[in-house]
Amino acid sequence: MTDLSLRNIRKAYGDYEVLHEINLEVKSGEFIVFVGPSGCGKSTLLRSIAGLETITSGDLVIDGERMNSVAPSKRGISMVFQSYALYPHMTVYENMAFGLRIAGTAKAEIDARVCKAAEILQLDKYLQRQPKALSGGQRQRVAIGRAIVRNPRVFLFDEPLSNLDAALRVATRIEIAKLKQSMPDVTMIYVTHDQVEAMTLADRIVVFKDGRIEQVGTPAELYKRPANLFVAQFIGSPAMNIRKATVTDRSATSARCLLDGGVVIELAAEPGKLSKGEPISIGIRPENTRIHEDDGRDGTFTGTIDLVEHLGEVQILYLDLPGSSDKFLIKADGERSFARKQKICFTARPQDIHIFDALGNNSEMRGKEVFKNAGLF
Amino acid sequence: MSIAYQSSETERTDFAAVLAKVCLVAFLTSLGIVVLYPLLWMALNGFKTNAEMFGNPFALPSGFSIANYISAWNQGIRNYIATSVIVTLGSAICTVLVSAWTAYGLTRSKLPGKPFFVGIVLGGLMLSPTVAVIPLVRMMQDLGLYNTYWALIILYTAFRIPFTTFLIRAYMLGLPRDLDEAAIMDGASEGQIFWKVTLPLCKPILVSCVILHVLFAWNEYLFAMIFTSGADLQTLPVGLTSIMAKHGTNYAVVFAAMTLSALPIVMTFFAAQRFFIRGLAEGIGK
């Protein structure tokens, strides 16, 4: 059982700071996923945990022991690399046994551990093959096997599926999920930029941007209650639609907002939040929109279809809305037929509308009651 | 009309392609002949008598007698080959190992001012052996290494390290760092990473470097002539000049001796040609 703490972790290359005061507590046996766009520092943090990068300041603590200056191999950590990093001149067996041989483990013990890992990962038949004679998925399993045999306290995965094709990625993702189930006490930290991997594998997701943590939470929390505009648009596919709005009227319990393009919505607003004239942003996920025939009511959007993407069970409509050059995306039923230049009306349930203040932070307001009163549904 | 025009265009293009191919094959064949014929001519003349050779130098030998080869072998070639093998292999091993370690340090260490050290090592490429001869003779005499195998082994190693390091460094720059990091995670030390991971992966360029070094050391004349004086320590190039001096008029034996001296190196090259080309091709441009 291994707890891992990151306390005020900073990483800088000269004057360029890559990680800013990272604080994170990882509980024993947790599956944590780091997500974020390229260059956000997630891999750097993973490599700092592994010991492949030095930590400029702050503390990395594993099971109560400060690990900043402990050699990577002594931290009780195994890492699976994006490129697999298998030794091409060694067989699968030798690849998996390499670390144990270096550590001076007895041959019988090495045999036992490698064979057990090979059995778990269904690599028994390939132990005498070289990596070049294996498929991408098999190579990835060898890389995982090499990590398993060392009986690590913490597993680190650095974008392990990004070199696999779509079908294999799904299959390997499921294998990793099963692997985690079979090792409930092992803490796993997984870096990816693929939010599907993050949502499906993680107990908790850590969203990074520009070397800072934007939000930590379960996949459902991040999806339903994104802390800010960045998380709102990063989690979910297609990304959440964002529209600028201005508070035009303020009563004691509600705020009336005018969106760019002329749509009016009314929100429940606690006292002290949303003052008259304040610019805000409204977020609506494409899958939370409802297409309907009526027009002219408050909270109803009208747009013209510019592009239809058929994905089989659903279709993505790219709409031009008045007052904005950004496309507004709607996820619609795959059975219905839509045409380019078609005009449609849609709305969203009040609880599915996210409100962000002028700084882009979620104002935690949905205004369910007021929406009903406003006659949207 | 348009179709007819297109068809004649296509024919013209096909003809140009065929012509270009024929020219290329003819050129390469000529080049092959230019390179191989003198060697073949030398080997064939080793089977002739002296009279036969002067009578009709370009004809095939009347019989394939190996008497000249046996004579050359017994008149010192055996010793010269043995010395050359010792000096060449000894210096090749030293050069490649030292250069590989140097290249590993220059590519993998986080040494401050690394470009400066790269410049120092590679700057050795510009050092002319000729200008260093006199101080080197004094140095070898002082060290008691003059007229020993070690004199040549050390000198060949020293003068080939810059170029060999240059080649191995270029190759190592192309090796993925992930492998080093995986080995670090596995608990390997720098030495273990070098011996067990990096060096085996450098096999193609190491073979190339060994071949290039063998070509150099096998044919090197200046140092071999200056730093060895006894017949038992002379390498092939110096030994061949001795044979020519001794059998100046018996060209058939001289040709046989030359053929015998060239044979090991030609065989080495053909045996390792695949690695040689791959190693150089993969290391180029970094």
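Fair warning: this is a prediction, and the values are worked out from it, not measured in the lab. (Residues numbered from 1 in each chain as written. Chains lettered and ligands numbered in written order. Predicted model: local features only at pLDDT ≥ 70, side-chain atom pairs only at ≥ 80, totals over all residues.)

## As for unusual backbone geometry
All names here are of chain A. Here is the rule: In this text, helices come from DSSP runs of H or I with a minimum length of four residues, and strands from runs of E with a minimum of two, each type numbered from the N-terminal end. Once C-beta atoms are placed from the backbone, each residue is buried if 20 or more other C-beta atoms lie within 10 Å of its own, exposed if 12 or fewer, and partly exposed for counts between those two.
Cis geometry marks the peptide bond from Ser-237 to Pro-238, where omega comes out at -5 degrees. Here the phi dihedral of Asn-8 falls at roughly 50 degrees; this positive angle occurs in a residue that is not glycine. If you trace the backbone, Asn-8 turns up in strand β1 (residues 4-13). Taking the C-beta count within 10 Å as the criterion, Asn-8 has 12 such neighbours and is therefore assigned exposed. With a phi close to 50 degrees, Ala-85 is a non-glycine residue in the positive phi region. Looking at the secondary structure, you find Ala-85 in the loop between β6 (77-80) and α2 (92-102). Overall, Ala-85 belongs to the buried group, with 24 C-beta atoms counted inside 10 Å.

## What to know about the packing of helix α3 (residues 67-108) of chain B against helix α11 (residues 236-246) of chain B
Pairs of packed helices are described in terms of their axes, by the angle between the two and the distance that separates them. Residue and element names in this part refer to chain B. Where we set the bar: As a rule, the C-alpha atoms of each element are fitted with a line to give its axis, helices using only the stretch in contact, and angles between N-to-C directions run from 0 to 180 degrees. Any angle between 65 and 115 degrees counts as roughly perpendicular, while under 35 counts as roughly parallel, over 145 as roughly antiparallel, and the rest as oblique. Left-handed describes a crossing whose near helix is turned anticlockwise from the far helix by less than a right angle; the clockwise case is right-handed. Here, residues touch in the contact sense if the C-beta positions derived from the backbone fall within 7 Å of one another.
One way to put it is that α3 packs onto α11 with a least axis distance of 9 Å and a crossing angle of 165 degrees. Relative to α11, α3 is oriented roughly antiparallel. The handedness of the crossing between α3 and α11 comes out as right-handed. Contact with α3, carried on its side by Gln-75, Gly-76, Ile-77, Tyr-80, Ile-81 and Ser-84, involves Leu-236, Gly-239, Ser-242 and Ile-243 of α11 and no other residues of that element.

## A look at the interface of chain B and chain A
Formally: In this classification, Asp, Glu, Lys and Arg are treated as charged, Ala, Val, Leu, Ile, Met, Phe, Trp, Tyr, Cys and Pro as nonpolar, and every other residue, Gly included, as polar.
At the junction of the two partners, chain B supplies 14 residues and chain A supplies 16 residues. Elements with a contribution of two residues or more to the side of chain B that touches chain A: α7 (177-185) and α8 (190-201) of chain B. Of the residues forming the side of chain B that touches chain A, the biggest block, six residues, is contributed by α7 of chain B. The class makeup of the residues in the side of chain B that touches chain A is nine nonpolar, two polar and three charged.

## Quick look at the sheet that holds strand β13 (residues 264-268) of chain A
All names here are of chain A. Put simply, the rule reads: Strands are treated as partners if at least two bridges between them are detected by DSSP.
Spatial strand order, β13-β12-β11-β14-β20: five strands in an open sheet with antiparallel pairing. At either end of the open sheet lies a strand with only one pairing partner, and these are β13 and β20 (353-356). Each strand axis lies, on average, 40 degrees off the axis of its neighbour in the sheet, ignoring direction. Judged from the five bridges that link them, strand β12 (residues 254-259) and β13 form a sheet pairing that is antiparallel.

## Section: the domain arrangement of chain A
All names here are of chain A. Operational definition: Throughout the structure description, domain borders are defined by an automatic or database domain assignment.
If you check the domain split of chain A, you get domain 1 (4-234) and domain 2 (242-373). The distance between the C-alpha centroids of domain 1 and domain 2 comes to 39 Å. With seven residues of domain 1 at the interface, the matching set in domain 2 holds eight residues. Classifying every residue of the side of domain 1 that touches domain 2 by side-chain character gives four nonpolar, two polar and one charged.

## Here we look at the sheet that holds strand β10 (residues 212-217) of chain A
Residues and elements named next belong to chain A. Strand order in this open sheet of six strands is β6-β7-β8-β3-β9-β10, and the pairing throughout is mixed. The open sheet has two edge strands, β6 and β10, and neither has a second partner. Ignoring which end each strand starts from, the neighbouring axes of this sheet average 20 degrees apart. Of the pairings in the sheet, the one linking strand β9 (residues 204-209) to β10 comprises five bridges and is antiparallel in character. Within the sheet, the bridge partner assigned to Phe-208 lies in β10 and is Ile-213.

## Quick word on the UniProt feature "transmembrane region" (unreviewed entry) in chain B
All names here are of chain B. Note the following rule: UniProt positions are given in the numbering used here, feature names are shortened, and annotations may be inferred rather than shown by experiment.
The positions that UniProt labels "transmembrane region" (unreviewed entry) are, in the present scheme, residues 15-41, 53-74, 80-104, 116-137, 149-168, 205-231 and 251-272. End C-alpha to end C-alpha, residues 80-104 measures 35 Å, and it is 100% helix and 0% strand. Summarising residues 116-137: 59% helix, 0% strand, and an end-to-end C-alpha distance of 30 Å.

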